[in-house]
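A closer look at the structure
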Amino acid sequence: PQLANQIAAGEVVERPASVVKELVENCIDAGATELHIDIEKGGARRIRIRDNGSGIPKDELELALSRHATSKIASLDDLEAIHSLGFRGEALASISSVSRLCLSSKPAQQAQAWQAWCEGRDMQVTLEPTSHPDGTTVDVQDLFFNTPARRKFLRTEKTEFGHIDEVVRRIALACPAVEIKLSHNQQLLRHYPKAIAESQILSRLQQIAGKRFADEAIFLELAADAESGQTLGIRGWIAPPDACRHQTDVQYMYVNGRMMKDKLLNHAVRQAYGDSLASDRQATYILYITLPANDVDVNVHPAKHEVRFQQARQVHDFVLLQLREALGAHVH
Ligand code: ADP
Ligand code: MG
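Since the structure is predicted, the reported quantities are computational estimates derived from the model, not experimental observations.

1. Re the overall build of the chain
When its secondary structure is counted, the chain shows 11 helices and 15 strands. Dimensions of the chain, computed from the C-alpha atoms along their principal axes, are close to 65 × 45 × 40 Å. Expressed as a percentage of the 332 residues in the chain, the buried residues total 37%. Counting only contacts in the chain whose residues sit at least 6 apart along the sequence, the fraction spanning at least 24 positions is 68%.

2. Side note on the site of ligand 1
Taken together, the neighbourhood of ligand 1 is formed by 22 residues, with Asn26, Ala30, Thr70, Ser71 and Gly86 sitting nearest. Of the residues belonging to the shell around ligand 1, the class tally is eight nonpolar, nine polar and five charged.

3. Some thoughts on the sheet that holds strand S7 (residues 179-184)
Here eight strands make up an open sheet; going across it, the order is S5-S4-S3-S6-S2-S1-S7-S8 and the pairing mixed. Only two strands of the sheet have a single neighbouring strand rather than two, namely strand S5 (124-130) and strand S8 (187-192). When strand polarity is set aside, the average angle formed by the axes of neighbouring strands in this sheet is 15°. Here helix H7 (residues 157-174) sits on the sheet in contact with strand S1 (34-40), S7 and S8, set at roughly 175° to S7.

4. Some thoughts on the sheet that holds strand S11 (residues 251-255)
The sheet built from five strands is open, its strands ordered S9-S10-S13-S11-S12 with mixed pairing. Two strands in the sheet have a free side with no partner beyond their single neighbour: strand S9 (218-222) and strand S12 (258-260). Between one strand axis and the next, the sheet turns by 15° as a mean value, whatever way the strands run.

5. Remarks on the domain arrangement of the chain
You can read the domains of the chain as domain 1 (2-192) and domain 2 (210-330). Here domain 1 and domain 2 have C-alpha centroids that lie 29 Å from each other. Taken together, the 14 residues of domain 1 in the interface contact 12 residues of domain 2. At the level of secondary structure, the elements contributing two or more residues to the side of domain 1 that touches domain 2 comprise helix H1 (2-12), helix H4 (76-80) and H7. For the side of domain 1 that touches domain 2, the element with the highest residue contribution is H7, accounting for three residues. Looking at side-chain class alone, the side of domain 1 that touches domain 2 contains seven nonpolar, two polar and five charged residues.

6. A few points about H7
Counted at 1.5 Å a residue, the expected span for H7 with its 18 residues is 26 Å, and the 26 Å between its end C-alpha atoms agrees. What H7 keeps buried is the set Glu160, Phe161, Ile164, Val167, Val168, Arg169, Ile171, Ala172 and Leu173.

7. Description of the pairing of strand S2 (residues 46-51)
Pairing between S1 and S2: six bridges, direction antiparallel. In the sheet register, histidine 36 faces S2, and the bridge partner there is arginine 50. Connecting the antiparallel pair S1 and S2 is a turn made up of five residues, with lysine 41 showing a positive phi of about 50°. Pairing between S2 and strand S6 (residues 135-141): six bridges, direction antiparallel. Each bridged residue has a counterpart across the sheet, and for arginine 48 the counterpart in S6 is aspartate 139.

8. Points about the packing of helix H10 (residues 263-272) against helix H11 (residues 312-327)
Viewed as axis vectors pointing N to C, H10 and H11 meet at an angle of 30°, and their least axial separation amounts to 8 Å. Taken together, H10 and H11 sit at an angle that is classed as roughly parallel. Of the two elements, H10 crosses H11, and the hand of that crossing is right-handed. Every residue of H11 that contacts H10 at Leu264, Leu265, His267, Ala268, Val269, Gln271 and Ala272 is listed here: Ala312, His316, Val319, Leu320, Leu323, Arg324 and Leu327. Residues of the contact of H10 with H11, tallied by class, amount to 10 nonpolar, three polar and one charged.

Parameters at a glance
- Residue numbers run consecutively from 1 along every chain, following the written order of its sequence.
- Lettering of chains starts at A and numbering of ligands starts at 1, both following the order in which they are written.
- At least 70 in pLDDT is required for a residue's local features to be given in this predicted model, at least 80 for side-chain atom pairs to be given and counted, and no such filter applies to totals for whole chains, interfaces and linings, which use all residues.
- What counts as a helix is a DSSP run of H or I of at least four residues, what counts as a strand is a run of E of at least two, and both are numbered from the N terminus.
- Counts of 20 or more other C-beta atoms within 10 Å of a residue's own C-beta define buried residues, counts of 12 or fewer define exposed ones, and intermediate counts define partly exposed ones; C-beta atoms are placed from the backbone.
- Residue pairs qualify as contacts under a 7 Å threshold applied to their C-beta atoms, which are placed from the backbone.
- Near, for a residue, is defined by distance from a backbone-placed C-beta atom to a molecule or strand, with 6 Å as the limit that must not be exceeded.
- Any residue that is not Ala, Val, Leu, Ile, Met, Phe, Trp, Tyr, Cys, Pro, Asp, Glu, Lys or Arg is counted as polar, Gly included; the first ten are nonpolar and the last four charged.
- Any two strands with at least two DSSP bridges between them are considered paired.
- As a rule, the C-alpha atoms of each element are fitted with a line to give its axis, helices using only the stretch in contact, and angles between N-to-C directions run from 0 to 180 degrees.
- Reported domain spans reflect what an automatic or database domain assignment gives.
- A helix is expected to span 1.5 Å multiplied by its residue count minus one.
- Angles below 35 degrees are treated as roughly parallel, those above 145 as roughly antiparallel, those between 65 and 115 as roughly perpendicular, and all remaining angles as oblique.
- Rotating anticlockwise by less than a right angle from the far helix to the near helix defines a left-handed crossing, while the corresponding clockwise rotation defines a right-handed one.

Structure, rendered in C-alpha cells:
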C-alpha cells in the first residue's frame, strides 16, 4: 500500500502548501472554529495543524489513514452533491506515505485522546493513548524524506512558506468565522481573528487584500432564492477599473466555498470591465458564487482546483450581468 499511496501522493501532494491545503480543508469539514498552523523550515521539516473540530473517534483513526476511506461520502447520491471540501479519502493516506505523519485526536464525547501513525512498507498503524484537547492535530514531519526526487524539487524555505501563506489567505477569505494563527519557525506571522460582524469581516478583508482594496472595492450581493427559481447567488467585492492592480494578487473566486481558478469565470469577470480596464491592469476581485451542489461537479481533479458546471453558459452570463451592474457607471 505504501507504493500505491506514494503514487497517489504525486497527484495531491505537490509541495508543503498542498499538504496545508488538504489538512486545513479537513479541519473546516470537521467544523473547527480555531486553527493553529505551525510550520518549520518552509514546511519541509514540519507542518503541524491543530483544530478544535469534531475529532476522530479512536476506532476510526486507523481508517482515516487508509486510502479511499472517507467519512464524508456514504453513497453515490452523496457524490452527486458534495457538501464537504474533502470526499476522496486520499489526502491523509497520501501524505503519510511521503512523510512521518502523526494523527492525534479527541472527540468531545471520548474521555481519552489517542494518536496514530503508520510505519514501514506495509504502513502498519500503531495506536497509543496521548493527551490532547477536544479536536485534532495532524503533525507532518520530514515531508518527502523517502521520495528524494520530490524532495529535490522543494524551493527555498521562503518560497515554500510563501505558498503556504497564500493557501492560508485563501482559506481565511473562505471562512471568516474561523480564527487562524500561522507561525513559521516558532514566530507568529499571521493572526486572523474570528470575523463575524461586518466591521470584523472588513478588517479581515483589509488584512488580506490591503486597505486600498477594502476602501475602494464595490460590494455586491445577490442571494439565491429558491422560490423564484433563482438558484445562483453571488457576493463579494470587485475593484473599479482605476483601482485595479498591475499584479494578479487579489483574484479570489469561490464556488460553494471552494477556491477556484476557472477560465469561464475569469472570462466573465474580464468581460464585465468591457474596455474600461487598461491592458496592463488585472481584474481585482474577491467573489463567492453559490449554486446547488447538484449543478457543479467538483470531482474533476484530485487536487480539486477545477470544477465543471452543469449549465456553464448560464453561470457565465449570471456572473457577467451581476458584475456589470455592480460596476455600473465605472465601466462603459
Ligand atoms: P477526505 O477529506 O476526502 O474524507 P482525508 O484523507 O483528507 O479524506 O481524511 C480522511 C478522514 O479522516 C476524513 O474523512 C475524516 O473522517 C477524518 N479526518 C481527517 N482530518 C480530520 C480533522 N481535522 N478532524 C476530524 N476528522 C478528520
Ligand atoms: Mg480531506
